[in-house]
Each structure stands twice: as structure tokens, then as C-alpha cells.
Amino acid sequence: MPDRPANPIRGEASLTLASGTYVLRPSFEALVAAEEELGSLFALVERAAHGKLLLSEIVTLFWHCVGSKPEELDRDQYGSELVSLGLAQLTPPLKMLLKQILAGSAPDDQAV
């Protein structure tokens with residue numbers, strides 16, 4: 001169960017897997033951690049726009065953006081659950097994160 005619902009205005013997305021429902025939050029800390037592992041986020045967005053984003057990159061981005069995850073959930077299990085969900089189901093939350101990477105934060109009066 002997520003600690004609070006996803007706020008699309010802030011670029012957050014919900015993701016329901018076998019182990020639970022997670023909120024993907026593209027916080028500064030999460031994006032920096034993802035960038036340290038994946039390289040430039042701008043290049044990541046470019047690869048996504050050209051259909052060249054790797055599944056491992058999606059797993060990495062989602063892993064770093066998960067707001068709260070149970071201690072027993074490890075990255076391999078998380079990745080397996082993402083794969084079992086399928087790319088069609090991963091596309092909407094991925095688009096939300098990529099849009100937030102490009103657009104930045106919403107003004108405080110819109111960030112409910």
C-alpha cells in the first residue's frame with residue numbers, strides 16, 4: 001500500500017505489482033541516483049523517444065523512483081515483477097516520469 005496516492009501534477013505515477021502498489025516519485029534524490037547509474041537523464045529521454053530504451057534502464061529508473069518499498073523487496077524481484085507486468089503496462093508510468101524529467105516541478109499552487 002502506498003503511503004499516499006500518486007500526484008500526477010508532480011509527475012508521480014502508481015504502479016501495481018504482485019508485491020504491492022508503489023508510487024513512483026521522481027524526486028531530486030531519486031533522479032540523481034538514477035543518473036549516477038544510467039548516465040545523462042537527457043540522453044535517457046532521447047533513447048526513449050527513439051524507441052531505444054532498454055528494459056534494464058526502465059527497471060533502474062523505476063527502482064530509484066519508488067517512494068516506499070518493503071525491506072524484503074529486492075531489485076531483482078522488483079525487476080521480475082515489472083517484466084511480468086509487460087511493457088504495455090509500464091509505458092504510462094514511464095511516460096509520466098519522462099515527462100517530469102523534462103518539465104520539472106509544478107508550481108506550489110498546482111502541487112496538491
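These notes cover the structure that comes with them. On a predicted model such as this, the values are computed, not experimentally measured, just so you know. (Residues numbered from 1 in each chain as written. Predicted model: local features only at pLDDT ≥ 70, side-chain atom pairs only at ≥ 80, totals over all residues. Heavy atoms only, no water.)

On to helix α4 (residues 75–85), then. The complete set of buried residues in α4 reads Y78, G79, E81 and L82. Projected onto a plane normal to the axis of α4, the buried residues spread over an arc of 160° and lie on a single side. Along α4, exposed side chains directed more than 90 degrees from the buried face belong to D76 and S84. Those residues of α4 hidden inside the fold are in contact with β1 (13–17), β2 (20–24), α3 (55–65) and α5 (87–103). Its side-chain oxygen 3.3 Å from the backbone nitrogen of D76, D74 forms the N-cap of α4. Looking one or two places after α4, you find G86, whose phi comes out positive at around 95°. (Buried < 20%, exposed > 50% of the residue type's maximum accessible area, 1.4 Å probe, protein only. Helix = DSSP H or I, 4+ residues; strand = E, 2+ residues; numbered from the N terminus. Arc of directions from axis to C-beta. Contact = heavy atoms within 4.5 Å. Polar contact = N/O pair within 3.5 Å; in protein donor to acceptor, adjacent residues only side chain to side chain.)

A one-sided burial pattern is seen for β1, the buried positions being A13, L15 and L17 and the unburied ones S14 and T16. Strand direction decides the pairing type here: β1 and β2, joined by 5 bridges, are antiparallel. From the neighbouring strand, T16 faces β2, where its bridge partner is T21. (Pairing = 2+ DSSP bridges.)

Right, let's talk about the packing of aromatic side chains for a bit. Inspection of the entire model under this criterion finds 2 aromatic pairs. When the ring of Y22 is compared with that of Y78, the centres are 6.1 Å apart and the planes differ by 85°; the resulting orientation is edge-to-face. With Y22 in strand β2 and Y78 in helix α4, the pair connects residues that are 56 residues apart, well separated along the chain. One exposure class covers both Y22 and Y78, and it is buried. Ring pairing ties together the aromatic residues Y22, W63 and Y78, which thus form one cluster. (Phe/Tyr/Trp six-rings, centres within 6.5 Å; stacked < 30°, edge-to-face > 60°.)

This part takes up the side chain of E81. Structurally, E81 is set in helix α4. Beyond its immediate chain neighbours, meaning those up to four positions away, E81 contacts L17, A18, S19 and L73.

These figures capture arrangement, not role.
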